[in-house]
Amino acid sequence: MKKLLTAAMASMALAAVFSCGEKKETNVIIAPKPTETKPASPVRMSDYAHSDTVTWLGRVYTVEVKRSVADSLPMVKDEQGRKYYDNVIRVRITRPDGSEFFNRTFRKTHFADLLDARTKEDGALLGIVIDHVEGDNLLLGASVGSPDVLSDEYIPMVITITPHGDVGYKRDNKLEVENQNPQENPTAADEDDGV
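Since the model is a prediction, treat every value here as computed from it, not as a measurement.

Rules of the game
Residues numbered from 1 in each chain as written. Predicted model: local features only at pLDDT ≥ 70, side-chain atom pairs only at ≥ 80, totals over all residues. Heavy atoms only, no water. Helix = DSSP H or I, 4+ residues; strand = E, 2+ residues; numbered from the N terminus. Buried < 20%, exposed > 50% of the residue type's maximum accessible area, 1.4 Å probe, protein only. Contact = heavy atoms within 4.5 Å. Areas by Shrake-Rupley, 256 points an atom, 1.4 Å probe, with all protein chains shown as cover. Phe/Tyr/Trp six-rings, centres within 6.5 Å; stacked < 30°, edge-to-face > 60°. Salt bridge = Lys/Arg side-chain N within 4 Å of Asp/Glu carboxyl O. 1 Å grid on protein atoms, 1.4 Å probe; cavity = no way out; pocket = protein on both sides within 12 Å on 5 of 7 lines; lining within 4 Å. Points joined across faces, edges and corners; volume = space filled by probe spheres on them. Lys, Arg positive; Asp, Glu negative; His and termini not counted. Polar contact = N/O pair within 3.5 Å; in protein donor to acceptor, adjacent residues only side chain to side chain. Pairing = 2+ DSSP bridges. Axes fitted to C-alpha atoms, helices over the stretch in contact; angles between N-to-C directions.

Quick look at the overall build of the chain
Then comes step 1: Of the regular secondary structure elements, the chain holds 4 helices and 10 strands.
Then comes step 2: Start at the N end of the chain and walk to the C end: the helices and strands fall as α-β-β-β-β-β-β-α-β-β-β-β-α-α.
Then comes step 3: Residues classed as buried in the chain amount to 29% of the 195 residues present.
Then comes step 4: When contacts within the chain are restricted to residue pairs at least 6 apart in sequence, those whose partners lie at least 24 apart make up 46%.
Then comes step 5: Here the chain has roughly 14,000 Å² of accessible surface; of this, 53% comes from carbon and sulfur atoms.

Topic: the packing of aromatic side chains
The geometry of an aromatic ring pair is captured by the separation of the ring centres together with the interplanar angle, meaning the angle of the planes.
Then comes step 1: Counting across every chain of the model gives 6 aromatic pairs.
Then comes step 2: Ring centres 6.0 Å apart and planes at 65° place the aromatic pair Y61 and F101 in the edge-to-face group. Of this pair, Y61 sits in strand β2 (residues 59-70) while F101 is found in strand β6 (residues 100-106), placing the two residues 40 residues apart along the sequence. In this pair, the class of Y61 matches that of F101, namely buried.
Then comes step 3: Ring geometry for F106 versus Y169: centroids 6.3 Å apart, planes at 85°, classification edge-to-face. Of the two residues, F106 is situated in strand β6 and Y169 in strand β10 (residues 167-171); the sequence distance between them amounts to 63 residues.
Then comes step 4: Among the aromatic residues, those joined into a cluster by ring pairs are W56, Y61 and F101.

A word on the pattern of salt bridges
Then comes step 1: Throughout the structure, instances matching the rule amount to 8 salt bridges.
Then comes step 2: A salt bridge links E100 to R92, with the shortest nitrogen-to-oxygen separation between them at 2.7 Å.
Then comes step 3: Here the salt bridges do not stand alone but share partners, grouping E64, R90, R92 and E100 into one network.

Overview of the layout of surface pockets
Then comes step 1: If you add up the space inside the second largest pocket, you get close to 210 Å³.
Then comes step 2: Taken together, 15 residues form the lining of the second largest pocket, with E79, R118, T119, S146 and E153 sitting closest to its centre.
Then comes step 3: Within the residue set of the lining of the second largest pocket, elements represented by two or more residues are α2 (117-122), β8 (137-145) and β9 (154-161).
Then comes step 4: For the lining of the second largest pocket, the element with the most residues is α2, which contributes 3 residues.

Quick word on the side chain of D122
Then comes step 1: Here D122 is to be found in helix α2.
Then comes step 2: One buried charged side chain, D122, makes no salt bridge at all; its nearest oppositely charged neighbour is K77, positioned 4.6 Å away.
Then comes step 3: Every residue in contact with D122, bar those within four places of it in the chain, is listed here: V76, K77 and P147.

Looking at the environment of D131
Then comes step 1: Along the chain, D131 falls in strand β7 (residues 124-134).
Then comes step 2: Given the relative accessible area of 38%, D131 is considered partly exposed.
Then comes step 3: Sequence spacing of D131 and A142 is 11 residues, and the spatial spacing of their C-alpha atoms is 9.2 Å.
Then comes step 4: In contact with D131, other than residues within four places in its own chain, are L139, L140 and G141.
Then comes step 5: One polar contact links D131 to H132, side chain to side chain, over a distance of 3.3 Å.

Points about the sheet that holds strand β1 (residues 48-56)
Then comes step 1: Read across the open sheet, the 4 strands follow the order β1-β2-β5-β6; overall the sheet is antiparallel. On the outer flanks of this sheet lie β1 and β6, each paired with one strand and no other. Along the sheet, successive strands turn relative to each other by an average axial angle of 15°, direction set aside.
Then comes step 2: In this structure, strand β5 (residues 86-94) lies alongside β6, joined through 6 bridges in antiparallel fashion. Residue pairing across strands places R90 opposite T105, the latter belonging to β6.

Concerning unusual backbone geometry
Then comes step 1: Of note in the backbone geometry, L57 takes a positive phi value of approximately 55° without being a glycine.
Then comes step 2: Within the secondary structure, L57 is located in the loop between β1 and β2.
Then comes step 3: Taking relative accessible area as the criterion, L57 reaches 42% and is therefore assigned partly exposed.

Encoded structure:
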């Protein structure tokens with residue numbers, strides 16, 4: 001009887017050992033719930049406003065430049081494919097007595113004939129600034145290019161405003177040449193080496 005009890009206890013112990021180490025097979029696969037990746041929201045470039053004076057035709061004019069995001073225009077994108085809103089830029093010129101001489105809102109489409117295909121599609125209107133007076137005309141610098149603030153890809157252009165308020169557009173080839181050949185325009189420090 002003792003041998004029977006011992007054998008029974010040994011069989012139970014073996015059964016317990018085998019049942020603990022044995023894994024039950026199942027067909028259930030537990031996977032994390034997929035998360036939806038939302039596309040990044042389009043980036044809005046910062047608005048800005050700037051006012052400056054310029055002596056033109058013997059009088060002092062005030063030139064106000066205001067850049068605003070234009071939600072209604074087609075989206076543009078940078079080199080990485082991130083989407084941006086395009087801009088519009090309003091240029092307002094007032095006479096010394098405060099009366100308005102010129103008021104126009106510029107869009108990238110104003111410069112379409114001056115842009116390459118990629119810039120025309122993906123570039124944004126970046127800025128307009130006073131450049132200089134040449135003869136009877138006021139010249140403003142304009143740029144259309146990558147909307148990424150860290151990028152230096154843009155096309156420089158010149159806006160010519162006549163004394164009658166007529167407007168002309170052309171590429172600023174002078175700026176492009178200066179950027180390509182920096183050694184052709186030595187600075188005073190380069191000319192004077194202290195000897």
